[in-house]
Amino acid sequence: MQVTGQIQQVREFVKTWRKQGQTVALVPTMGYLHEGHGSLITRARQENDKVVVSIFVNPMQFGPNEDLASYPRDLEKDRAYCESLGADLIFHPEPEEMYHEGFSTYVDMSILTEELCGLSRPVHFRGVCTVVSKLFHIVQPDRAYFGEKDAQQLAIIRHMVDDLNMDVEVIGCPIVREEDGLAKSSRNTYLSAEERKAALILSQTIELGKQLVAEGEKDADSLVAKMKENIEKEPLARIDYVKAVNGLTMQQQKNIESPLLVAMAVYIGKTRLIDNFIL
Ligand code: PAF
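1. What about the sheet that holds strand E8 (residues 260-268)?
Logical step 1: Here 3 strands make up an open sheet; going across it, the order is E7-E8-E9 and the pairing antiparallel. Strands at the two margins of the open sheet, each flanked by one partner only, are strand E7 (237-246) and strand E9 (271-278). The average undirected angle you get between the axes of adjacent strands in this sheet is 15°.
Logical step 2: In this sheet, E9 lies alongside E8 in antiparallel orientation, the contact comprising 8 bridges.

Laid out in structure tokens, this is it:
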């Protein structure tokens with residue numbers, strides 16, 4: 001497995017693979033990899049000849065009061081993990097390599113970015129779309145793999161690829177959970193022992209939501225109200241949002257009907273966690 005921080009070197013590797021007729025996958029990450037990322041790399045490994053994992057904590061997708069400086073990083077551990085899963089190349093650029101002086105071109109999107117996480121993180125999706133577009137241009141993958149935990153991000157990236165005619169297949173992979181149900185996230189490391197227990201309210205409420213739908217709940221507002229009521233029982237939890245939206249457009253939905261995304265962001269102490277289920 002190779003590791004490089006240089007765009008030019010990535011291009012050279014990919015050029016060589018292409019000449020050999022090999023297919024290329026990209027797994028974009030911000031590092032501090034866990035089994036959620038592992039499932040993306042494993043799937044990419046199964047479906048492609050070559051697998052590139054990008055590890056880049058993208059400053060552009062963090063707001064001024066967010067956790068850019070404290071975001072966990074451990075390149076050595078990530079390197080060993082990627083190698084064990086059979087990745088071929090890690091692309092780990094410095095911010096200056098991705099955003100040279102005078103950088104002033106952005107990829108932005110309306111409507112889909114104005115709901116859910118976009119409301120409390122106004123610059124986030126512009127940063128995500130810009131960096132993912134750049135990564136697609138650098139690596140030119142046949143397929144790119146993203147987690148369904150970031151369901152809004154996945155919908156936005158699919159939409160961007162469609163709008164801008166990008167020649168890449170976007171593949172979503174299911175949420176990976178801890179044994180007790182908590183969705184795996186690099187941000188789980190911020191939680192104290194007490195908060196870690198409290199954080200279970202997210203997955204428990206997802207289960208409650210699924211159960212209510214299975215039992216025949218038809219009204220989105222009533223579903224969301226019951227889920228919010230359940231979260232409010234946990235004293236350490238503060239709701240950012242719980243919403244039932246159309247899974248493609250992110251617009252609020254009245255009835256429980258497919259394609260439905262029921263998504264939530266909840267602060268546990270200072271840590272903002274997300275979870276969702278899709279119908
Ligand atoms: O999901 C993430 O880790 C990031 O938003 C991504 C897609 C790697 C872009 O920085």
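2. Examining the sheet that holds strand E3 (residues 50-55)
The strands making up a sheet are joined through hydrogen bonds of the backbone, oriented either antiparallel or parallel.
Logical step 1: Read from one edge of the open sheet, 6 strands run E1-E4-E3-E2-E5-E6, paired in parallel fashion. Two strands lie at the open edges of the sheet, namely strand E1 (2-4) and strand E6 (169-173), each paired on one side alone. Here the average twist between neighbouring strands, direction ignored, is 25°.
Logical step 2: Pairing between strand E2 (residues 24-29) and E3: 6 bridges, direction parallel. Its bridge partner lying in E3, Thr-29 is registered against Ile-55.
Logical step 3: In the packing of helix H1 (residues 7-19) onto the sheet, the strands contacted are E1, E2, E3 and strand E4 (89-91), and the crossing angle to E4 comes to about 150°.
Logical step 4: In the packing of helix H7 (residues 151-163) onto the sheet, contacts are made with strand E5 (143-147) and E6, and the angle to E6 comes to roughly 170°.

3. With respect to the side chain of Ser-133
Logical step 1: Counting through the fold element by element, Ser-133 comes out in helix H6 (residues 124-139).
Logical step 2: Those residues in contact with Ser-133 that lie beyond four places of it in its chain are Val-107, Met-160 and Met-166.

4. Quick look at the layout of surface pockets
Logical step 1: Considering only enclosed or pocket space, the second largest pocket measures out at about 250 Å³ in volume.
Logical step 2: Taken together, 14 residues line the second largest pocket, and the ones lying closest to its centre are Ala-151, Ala-155, Arg-158, Gly-247 and Leu-248.
Logical step 3: Of all elements in the fold, only H7 and E8 reach the threshold of two or more residues within the lining of the second largest pocket.
Logical step 4: The greatest single-element share of the lining of the second largest pocket, amounting to 5 residues, is contributed by H7.
Logical step 5: The class makeup of the residues in the lining of the second largest pocket is 10 nonpolar, 2 polar and 2 charged.

5. Considerations on the pattern of salt bridges
Logical step 1: A complete count under the given rule lists 16 salt bridges for this structure.
Logical step 2: Across the pair Asp-88 and Lys-50 runs a salt bridge, and its minimum N-O distance is 3.8 Å. Linking Asp-88 in the loop between helix H3 (75-84) and E4 with Lys-50 in strand E3, this pair joins segments that are 38 residues apart in sequence.
Logical step 3: Judged by its relative accessible area of 18%, Asp-88 falls in the buried class.
Logical step 4: Under the relative-accessibility criterion, Lys-50 is labelled buried at 17%.
Logical step 5: Arg-79 serves as the salt-bridge partner of Glu-76, at 3.5 Å between the closest nitrogen and oxygen. Residue Glu-76 and its partner Arg-79 are located together in helix H3, separated by 3 residues, close to a single helical turn.

6. As for the pairing of E5
Residues in a regular strand point their side chains to alternate faces of the sheet.
Logical step 1: Bridge count between E2 and E5: 2 bridges; the pairing is parallel. Residue Ala-25 lies in a different strand from E5, and its bridge partner there is Arg-143.
Logical step 2: Both E5 and E6 contribute to a ladder of 5 bridges, which runs parallel. Looking at the pairing, Arg-143 lines up with Glu-169 of E6.
Logical step 3: Regarding the hand of the β-α-β motif, the stretch spanning E5, H7 and E6 is right-handed.

7. Here's the deal with the packing of aromatic side chains
Logical step 1: The full count for this structure, using the stated rule, is 6 aromatic pairs.
Logical step 2: Considering the side-chain rings of Tyr-99 and Phe-103, the 4.9 Å spacing of their centres and the 80° angle between planes classify their relative orientation as edge-to-face.
Logical step 3: Taken together, Phe-56, Tyr-99, Phe-103 and Tyr-106 form an aromatic cluster joined through their ring pairs.
Logical step 4: For Lys-77, the ring lying beneath its charged end belongs to Tyr-32, and the centroid distance is 5.8 Å.
Logical step 5: For the cation-ring pair, Arg-126 lies above Tyr-106, with the distance from its terminal atom to the ring centre recorded as 3.8 Å.

How each quantity is defined
Within any chain, residue numbers begin from 1 and follow the written order of that chain's sequence. Residues qualify for local features only when their pLDDT is at least 70, as the model is predicted, and side-chain atom pairs are given and counted only at 80 or more; totals for whole chains, interfaces and linings, by contrast, use all residues. Side-chain measures were taken over the full set of non-hydrogen atoms in the model, leaving aside hydrogen atoms and water. At least two DSSP bridges between two strands are required for those strands to pair. Only DSSP runs of H or I covering at least 4 residues are called helices, and only runs of E covering at least 2 are called strands; the numbering of each starts at the N terminus. Only the stretch in contact is used when a helix axis is fitted, and all axes are lines through C-alpha atoms; the angle between N-to-C directions ranges over 0 to 180 degrees. Only heavy atoms enter the contact rule, under which two residues are in contact if any of them lie within 4.5 Å. Using protein atoms alone on a 1 Å grid, points that fit a 1.4 Å probe yet trap it form a cavity, whereas open point sets bounded by protein on both sides within 12 Å along at least five of seven lines form a pocket; residues with an atom within 4 Å of a point count as lining. Grid points are joined across faces, edges and corners, and a volume is the space filled by probe spheres set on the points. Side-chain classes are defined by residue name, with Ala, Val, Leu, Ile, Met, Phe, Trp, Tyr, Cys and Pro counting as nonpolar, Asp, Glu, Lys and Arg as charged, and the others, Gly among them, as polar. One side-chain nitrogen of Lys or Arg within 4 Å of one carboxyl oxygen of Asp or Glu is enough to make a salt bridge. Burial classes: relative accessible area under 20% of the type maximum marks a residue as buried, over 50% as exposed, and values in between as partly exposed (1.4 Å probe, protein chains only). Looking down the strands as they point away from the viewer, one classifies a crossover as right-handed if the path from the first strand across the helix to the second runs clockwise. Two rings from Phe, Tyr or Trp (for Trp, the six-membered ring) form a pair when their centres sit within 6.5 Å of each other. Planes less than 30 degrees apart are called stacked, planes more than 60 degrees apart edge-to-face, and all others tilted. Two limits define a charge over a ring: the Lys NZ or Arg CZ must be within 6 Å of the ring centre, and within 35 degrees of the ring normal.

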